[in-house]
Amino acid sequence: MATKVIKGGTIIAADRTYKADVLIDGEVIAAIGADLFGDEIIDATGCYLMPGGIDPHTHLEMPFMGTHSTDDFDTGTAAALAGGTTMVVDFVLPGADGLLVALQDWFQKAGKARTDYSFHMAITSWNKQVFDEMPKVVERGINTFKHFMAYKGALMVDDDEMFASFLRCGEIGAMPLVHAENGDVVAHLQQKLLAEGNNGPEAHAYSRPPEVEGEAANRAIMIADQAGVPLYIVHVSCEQSHEAIRRARAKGMRVYGEPLIQHLVLDENEYKHEDWDYAARRVMSPPFRDKINQNGLWAGLASGSLQVVATDHCAFTTEQKRFGVGDFTKIPNGTGGLEDRMPVLWTKGVLTGRLTPNEFVAATSTNIAQILNIYPRKGAILPGSDADIVIWDPKAKKVISAKTQKSAIDYNVFEGIEVTGLPRMTLSRGNIAYKDGEVLAPTGSGRFVEREANPSQNRALSTWKELTAPRKVERDPKNIPAGV
Ligand code: URP
Ligand code: ZN
Ligand code: ZN
Ligand code: ZN
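Criteria and thresholds
Starting afresh in each chain, residues are numbered from 1 along the sequence in its written order. Chain A is the first chain written and ligand 1 is the first ligand written, with later ones labelled in order. Residue-level local features of this predicted model are given only where pLDDT is at least 70; pairs of side-chain atoms are given and counted only at 80 or more, and the full residue set underlies all totals for whole chains, interfaces and linings. Side-chain numbers come from the whole structure's heavy atoms, not from hydrogens or water. Throughout this description, buried means an accessible area under 20% of the type-specific maximum (1.4 Å probe, protein chains only), exposed means over 50%, and partly exposed covers the range between. For the purposes of this entry, the term helix denotes a DSSP run of H or I that reaches at least four residues, the term strand denotes a run of E that reaches at least two, and both are numbered from the N terminus. UniProt positions are given in the numbering used here, feature names are shortened, and annotations may be inferred rather than shown by experiment. Two residues qualify as a contact provided that any one of their heavy atoms is within 4.5 Å of a heavy atom in the partner residue. Strands are labelled as partners when DSSP assigns at least two bridges between them. Convention adopted: a line fitted to C-alpha atoms gives each axis, helices being fitted over their contacting stretch, and angles between N-to-C directions are expressed from 0 to 180 degrees. Any residue with a non-hydrogen atom lying within 4 Å of a molecule or strand is treated as near it. For this analysis, a polar contact is any N or O atom pair within 3.5 Å, provided that within protein one partner can donate a hydrogen and the other can accept it, and provided that sequence-adjacent residues contribute only side-chain to side-chain pairs. Computed with the Shrake-Rupley method and a 1.4 Å probe, the accessible areas treat only the protein chains shown as cover for residues. Residues are sorted three ways: Asp, Glu, Lys and Arg are charged, Ala, Val, Leu, Ile, Met, Phe, Trp, Tyr, Cys and Pro are nonpolar, and all the rest, Gly among them, are polar. For Phe, Tyr and Trp, rings pair up if their centres lie within 6.5 Å, where Trp contributes its six-membered ring, and each pair is then called stacked (planes under 30 degrees apart), edge-to-face (over 60) or tilted (otherwise). Think of it as a cone above the ring: NZ of Lys or CZ of Arg counts as a charge over the ring if it is within 6 Å of the ring centre and within 35 degrees of the ring normal. Coordinating donors are taken to be N, O and S atoms lying within 2.8 Å of the metal, or within 3.2 Å when the metal is Na, K or Ca; because water is excluded from the atom set, some sites may appear incomplete. Under this scheme a four-donor centre is tetrahedral when all angles range from 85 to 135 degrees, a four-donor centre is square planar and a six-donor centre octahedral when opposite donors are above 155 degrees with the rest from 65 to 115, and any other centre is irregular.

- In the nomenclature of an unreviewed UniProt entry, the protein is known as D-hydantoinase/dihydropyrimidinase of Phyllobacterium trifolii.

## Some thoughts on helix H13 (residues 341-350)
Here's step 1: Of all 10 residues in H13, 9 are buried; the element is thus mostly enclosed.
Here's step 2: Every buried residue belonging to H13 is among Arg341, Met342, Pro343, Val344, Leu345, Trp346, Thr347, Gly349 and Val350, and all of these are buried.

## What about the UniProt feature "modified residue: N6-carboxylysine" (unreviewed entry) in the protein?
Here's step 1: In this structure's numbering, the residues bearing the UniProt feature "modified residue: N6-carboxylysine" (unreviewed entry) are Lys146.
Here's step 2: With respect to the helices and strands, Lys146 occurs in strand E13 (residues 144-148).
Here's step 3: Given the relative accessible area of 0%, Lys146 is considered buried.
Here's step 4: If sequence neighbours within four positions are ignored, Lys146 has contacts with His57, His59, Phe91, Met121, Ala122, Ile123, Leu177, Val178, His179 and Val234.

## Concerning the UniProt feature "domain: Amidohydrolase-related" (unreviewed entry) in the protein
Here's step 1: In the numbering used here, UniProt assigns the feature "domain: Amidohydrolase-related" (unreviewed entry) to residues 48-431.
Here's step 2: For residues 48-431, the end-to-end C-alpha separation is 18 Å, with 39% helix and 18% strand making up the annotated structure.

## Quick look at the sheet that holds E13
Here's step 1: Ordered by their spatial adjacency, 7 strands build an open sheet running E8-E11-E12-E13-E14-E15-E16, and the pairing between neighbours is parallel. Among the strands making up the open sheet, the edge pair consists of strand E8 (53-58) and strand E16 (255-257). Within the sheet, the average angular offset between the axes of one strand and its neighbour, ignoring direction, is 25°.
Here's step 2: Of the strands in this sheet, strand E11 (85-92) and strand E12 (116-122) are in contact with helix H2 (residues 99-110), which crosses E12 at around 155°.
Here's step 3: Along the sheet, helix H8 (residues 239-250) makes contact with strand E15 (231-233) and E16, crossing E16 at roughly 145°.

## A look at the site of ligand 1
Here's step 1: The immediate surroundings of ligand 1 are formed by His57, His59, Phe64, Tyr151, His179, His235, Met284, Ser285, Asp312, Cys314, Asn333 and Gly334.
Here's step 2: At 2.6 Å from an oxygen atom of ligand 1 is found a side-chain nitrogen or oxygen belonging to Tyr151.
Here's step 3: Within the backbone of Gly334, one N or O atom sits 3.4 Å away from an oxygen atom of ligand 1.
Here's step 4: Alone, ligand 1 offers 270 Å² of accessible surface; in the complex the protein occludes 100% of this.
Here's step 5: In terms of residue class, the shell around ligand 1 is made up of 4 nonpolar, 7 polar and 1 charged.

## Here's the deal with the packing of aromatic side chains
Here's step 1: Following the criterion strictly, the structure yields 14 aromatic pairs and no others.
Here's step 2: With 6.0 Å between their ring centres and 50° between their planes, Tyr117 and Phe448 make a pair best called tilted. On the criterion of sequence distance, the pair formed by Tyr117 in strand E12 and Phe448 in the loop between strand E20 (438-439) and helix H15 (464-468) is long-range, its members being 331 residues apart.
Here's step 3: Judged by its relative accessible area of 7%, Tyr117 is buried.
Here's step 4: With centroids separated by 5.6 Å and ring planes inclined at 55°, the aromatic side chains of Trp346 and Trp392 adopt a geometry described as tilted. Note that Trp346 is positioned in helix H13 and Trp392 in strand E17 (residues 389-399), a separation of 46 residues in sequence.
Here's step 5: Its relative accessible area of 0% is what places Trp392 among the buried residues.
Here's step 6: One aromatic cluster is present, built from ring pairs that chain together Phe73, Phe107, Tyr117, Phe119 and Phe448.
Here's step 7: The ring of Phe37 has Lys7 lying over it, and the distance from NZ or CZ to the ring centre is 4.3 Å.

## What to know about the coordination of the zinc ion (ligand 3)
Put simply, the ideal angle at a metal is 109.5 degrees for four donors in tetrahedral geometry and 90 or 180 degrees for six donors in octahedral geometry.
Here's step 1: Bound to the zinc ion (ligand 3) on the protein side are His179 (ND1) and His235 (NE2), at distances that span 2.0 to 2.1 Å.
Here's step 2: Coordination at the zinc ion (ligand 3) is irregular: its 4 donor atoms span angles of 56 to 147° at the metal.
Here's step 3: In this structure, the zinc ion (ligand 3) is positioned 5.4 Å from the zinc ion (ligand 2). One end of the pair, His179, is in strand E14 (residues 175-179); the other, His235, is in the loop between E15 and H8, and 56 residues separate them in sequence.
Here's step 4: The exposure class of His235 is buried, given its relative accessible area of 2%.

## Topic: unusual backbone geometry
Here's step 1: Put simply, Ser285 and Pro286 share a cis peptide bond, and its omega is -10°.
Here's step 2: Looking at the secondary structure, you find Pro286 in the loop between helix H10 (276-280) and helix H11 (292-303).
Here's step 3: The linkage connecting Tyr375 with the following residue, Pro376, adopts the cis geometry, with an omega of 5°.
Here's step 4: Tracing the backbone through its elements, the reader meets Pro376 in the loop between helix H14 (357-371) and E17.
Here's step 5: Despite not being glycine, Asp35 has its phi angle at roughly 50°, a positive value.

Encoded structure:
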């Protein structure tokens, strides 16, 4: 196999920073050290070498709200590579035919991927078929199950279904994920707002206040604790849900929180724009929040109460967003971000001093690799790891613009933001997948990454159960009254 050596760079890992060459043999890292030589030399002088980003939250070509998200595994993963991300984890939505049929469908769609990929399986209803198929999903290398507590009448599961599914996750060594918003309250508020003539995109935000997210996050945590499973909460956008996570973690519960790059940077004023299209393009759930929430999210990433920054990339064109003219509840929910996550996080996080470069690596790659049980194959620059490496030029600048993006939609929610720090080159399993503005990895070059079940992670969240496990009180028969 031909070898490559990346020379002159500084490796940033989640736990340390050091200068070294990296020798790549085929698809994996063969050695790290001084003065290494190989067939091809890649000069990384002045650059950082970081493990390729992992985005654990994407919706590519997903059927949703009467349409399909426009970025598919081809354009979505091209955008990912241009932004330094080398792996995505996409959500499989089952239809009436169950989990395994849907999974086949997703494998087919992902055949176009340019990055490696994995899936989370959504549980959107509860019946014997779902119960029986869950372990088969785990056998296919998928150890996470997503539950929507919102989207009433479509994807939402109630507490009964969620508890049953969480218990099943516990039995099979899988971890549940939740989209935490109280869907009943949202549905009620939506109807109230529409009845009052509030039908613009700003009403989307009014219908999903932070309390709706905080309540659902707290409820999901308590239900997971009863079921004895860890919990991963996607798109944590506000103090209310972050506080629930902090409280749970302080009690010893295994709860993980994932803020999105959008919520870290953009706020609810975006919905007050006088241009309907501008506001509608930013409609996603949870909505952008009062800026006051952002400080807490940044602090959570630094202090460890939040572990992962994702995108929830679910991109709709302006034309698709216009399905909701006159009725905000019909605006397809979702925004893009795959190309921008790492440059925006670096610019707004590392360059402002909110995150160290090591914390940046932890939040964009290493932590999620560990949570998803694919570390150190992914999420690390170590001998034996897949050679998924981003060569990061900390001096490179650009102004984010839809005109130059790889995503297939016609706008960008980060339009006009100047970023400093960009990938010069992205390597995917040893191949140069992106270089100087151009995506080189062909469509179909990505591979499915199997994730084994992780029973060791799967212990009761708190010690509560042991301390208060129900025990029958042995009573002298004379203290038991005769039955009637
Ligand atoms: O608005 C969003 N986030 N759309 C994608 C589906 C979801 O809720 O994650
Ligand atoms: Zn979804
Ligand atoms: Zn969601
Ligand atoms: Zn999502």
